[in-house]
Amino acid sequence: MRGKKIILLMIFCALAVTTHADDHVDEHFTRLHAGNTTYTNVTVTSVTAADIYFIHAGGMENVKIQELSPELQQHFHFNSKQARAAEQKLSENKAKYHEQMLQQPEAHPPDMTRDPSAGTSKSLALWRNDFPGALQQAQADKKLVLIDFTGSDWCPWCIKFDQEVLSTGRFADYAEKNLVLLKADFPRHTLQDENLRRNNAALQKTFHVDGFPTYILLNANGDELGRQVGYLAGGPDAFIKELRTFANH
């Protein structure tokens, strides 16, 4: 367990191949040169077959290992064959996602006229909005992290799923025992703190999220266990069953 350290573990994607990541997490570089760009005060957070993810003086970033010097490529155990395989799997994953979205029926916002309180009801579950804090809590409580990438005030499928699943007592009871909940919201009509907006955008880039809603389950180390893209019918029981499948995979 990392204890009080704030660890920003960033994953290439669900199908990316992580290689020797534990050897380099929290490794520090005063300067890191990638192509024509120099980063300062670098702390490595994750390494995949093709990419290195890190925090630096200017924020969070990831670069291709092949853009580093030959010495650093060797240091990070770069293997061009493994890197190409990881890139291919990412491409296949994105293609499957886009195919799924094309086959999804046209979304319509849920009818809120029948329940005047529907738009003001609050979720029974407690959602955080800070990724480092969510990981720390998950490590301390021995739980998993669920990230909800959502457009809370404009995305009809997000709103529908929130009403049917995330705002239910059934889901709240399951989450209280098993999950740390993290919401990455991308509203269009609601004002949002600028720092939170930037942090959410960084999370979206880190996890390669292309559409809303997307739900990603992580272990306490930040490793992706599975993701659901789009709306899932069946209420909280169907979603809980899916999360259990991800966790036991």
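One structure accompanies this document, and this report is about it.

Parameters at a glance
Residues numbered from 1 in each chain as written. Predicted model: local features only at pLDDT ≥ 70, side-chain atom pairs only at ≥ 80, totals over all residues. Heavy atoms only, no water. Helix = DSSP H or I, 4+ residues; strand = E, 2+ residues; numbered from the N terminus. Contact = heavy atoms within 4.5 Å. Areas by Shrake-Rupley, 256 points an atom, 1.4 Å probe, with all protein chains shown as cover. Pairing = 2+ DSSP bridges. Buried < 20%, exposed > 50% of the residue type's maximum accessible area, 1.4 Å probe, protein only. Phe/Tyr/Trp six-rings, centres within 6.5 Å; stacked < 30°, edge-to-face > 60°. Lys NZ or Arg CZ within 6 Å of the ring centre and 35° of its normal. Salt bridge = Lys/Arg side-chain N within 4 Å of Asp/Glu carboxyl O. Disulfide = S-S within 2.5 Å. Axes fitted to C-alpha atoms, helices over the stretch in contact; angles between N-to-C directions. Parallel < 35°, antiparallel > 145°, perpendicular 65-115°, else oblique.

### Points about the overall build of the protein
Next up, step 1: Looking only at helices and strands, the protein features seven helices and nine strands.
Next up, step 2: Restricting the contact set of the protein to residue pairs at least 6 apart, pairs at least 24 apart contribute 65%.
Next up, step 3: In the structure as shown, the protein presents an accessible area of about 13,600 Å², 49% of it carried by carbon and sulfur atoms.

### Comments concerning the sheet that holds strand S8 (residues 214-218)
Next up, step 1: Here five strands make up an open sheet; going across it, the order is S5-S7-S6-S8-S9 and the pairing mixed. In this open sheet, the two edge strands, each paired with only one partner strand, are strand S5 (127-128) and strand S9 (224-229).
Next up, step 2: Judged from the five bridges that link them, strand S6 (residues 144-150) and S8 form a sheet pairing that is antiparallel. Among the inter-strand pairings, Phe149 is bridged to a residue of S8, identified as Thr214.

### Quick word on the side chain of Thr150
Next up, step 1: Structurally, Thr150 can be placed in strand S6.
Next up, step 2: Take Thr150: its relative accessible area is 5%, and that puts it in the buried class.
Next up, step 3: Aside from chain neighbours lying at most four places away, what touches Thr150 is Cys158, Lys183, Ala184, Asp185, Phe186 and Phe212.

### Some points on the packing of aromatic side chains
Next up, step 1: Evaluation of the coordinates by the stated rule reveals 12 aromatic pairs.
Next up, step 2: Look at Trp127 and Phe171: their rings are 6.5 Å apart centre to centre, the planes differ by 20°, and that puts the pair in the stacked class. Here Trp127 is found in strand S5, whereas its partner Phe171 is found in helix H5 (residues 169-178), with 44 residues between them in sequence.
Next up, step 3: Residue Trp127 is classed as buried on the basis of its relative accessible area of 15%.
Next up, step 4: Note on Phe171: relative accessible area 0%, which makes it buried.
Next up, step 5: Through successive ring pairs, a cluster of aromatic residues spans Trp127, Trp157, Phe161, Phe171, Tyr215, Tyr231 and Phe239.
Next up, step 6: In this structure, Lys183 packs its charged tip against the face of Trp127, placed 5.1 Å from the ring centre.
Next up, step 7: The side chain of Arg188 reaches across the aromatic face of Trp154, ending 3.5 Å from its centre.

### Things to note about helix H3 (residues 131-141)
Next up, step 1: Inspection of H3 places Phe131, Gly133, Ala134, Leu135, Ala138 and Gln139 among the buried residues, and these make up the whole buried set.
Next up, step 2: Where the residues of H3 are buried, they touch S5, S6, strand S7 (179-185), helix H6 (194-206) and S8.
Next up, step 3: Positive backbone phi, at 60°, marks Lys142, one or two positions downstream of H3.

### A short note on the pattern of salt bridges
A side chain with one charge can pair with a side chain of the opposite charge if their charged atoms come near.
Next up, step 1: Scanning the model with the defined rule gives seven salt bridges in all.
Next up, step 2: For Asp237, the salt bridge is made with Arg170, and the minimal N-O distance between the two is 2.8 Å. Placement of the pair is Asp237 in helix H7 (residues 235-248) and Arg170 in helix H5, with a sequence separation of 67 residues.
Next up, step 3: On the basis of relative accessibility, which here comes to 46%, the residue Asp237 falls in the partly exposed class.
Next up, step 4: Linked by salt bridges that have partners in common, Glu194, Arg197 and Arg198 make up one network.

### Things to note about the state of the cysteines
Next up, step 1: All told, the structure shown has one disulfide when counted by the stated rule.
Next up, step 2: There is a disulfide in this structure between Cys155 and Cys158, and the S-S distance comes to 2.4 Å. In this structure, the disulfide formed by Cys155 and Cys158 twists by about 75° around the S-S bond and is classed as right-handed. There is no split in this pair, since Cys155 and Cys158 are both buried.

### Notes on the packing of helix H4 (residues 156-166) against H7
Next up, step 1: Interhelical geometry of H4 versus H7 gives an angle of 90° and a closest axis separation of 7 Å. With respect to H7, the element H4 is oriented roughly perpendicular. Together, Phe161, Glu164, Val165 and Leu166 of H4 and Gly235, Pro236 and Phe239 of H7 make up the contact between the two elements.

### Remarks on the pairing of S8
Next up, step 1: Extensive coverage of S8 is indicated by the burial of five of its five residues.
Next up, step 2: Side-chain alternation along S8 places Thr214, Ile216 and Leu218 on one buried face and Tyr215 and Leu217 on a second face that is also buried.
Next up, step 3: Relative to S9, S8 runs antiparallel, the two being bridged by five bridges. Looking across to S9, one finds that Tyr215 is bridged to Gln228.
Next up, step 4: From the end of S8 to the start of S9, which pair antiparallel, there are five residues, and Gly222 there has a positive phi angle of about 90°.

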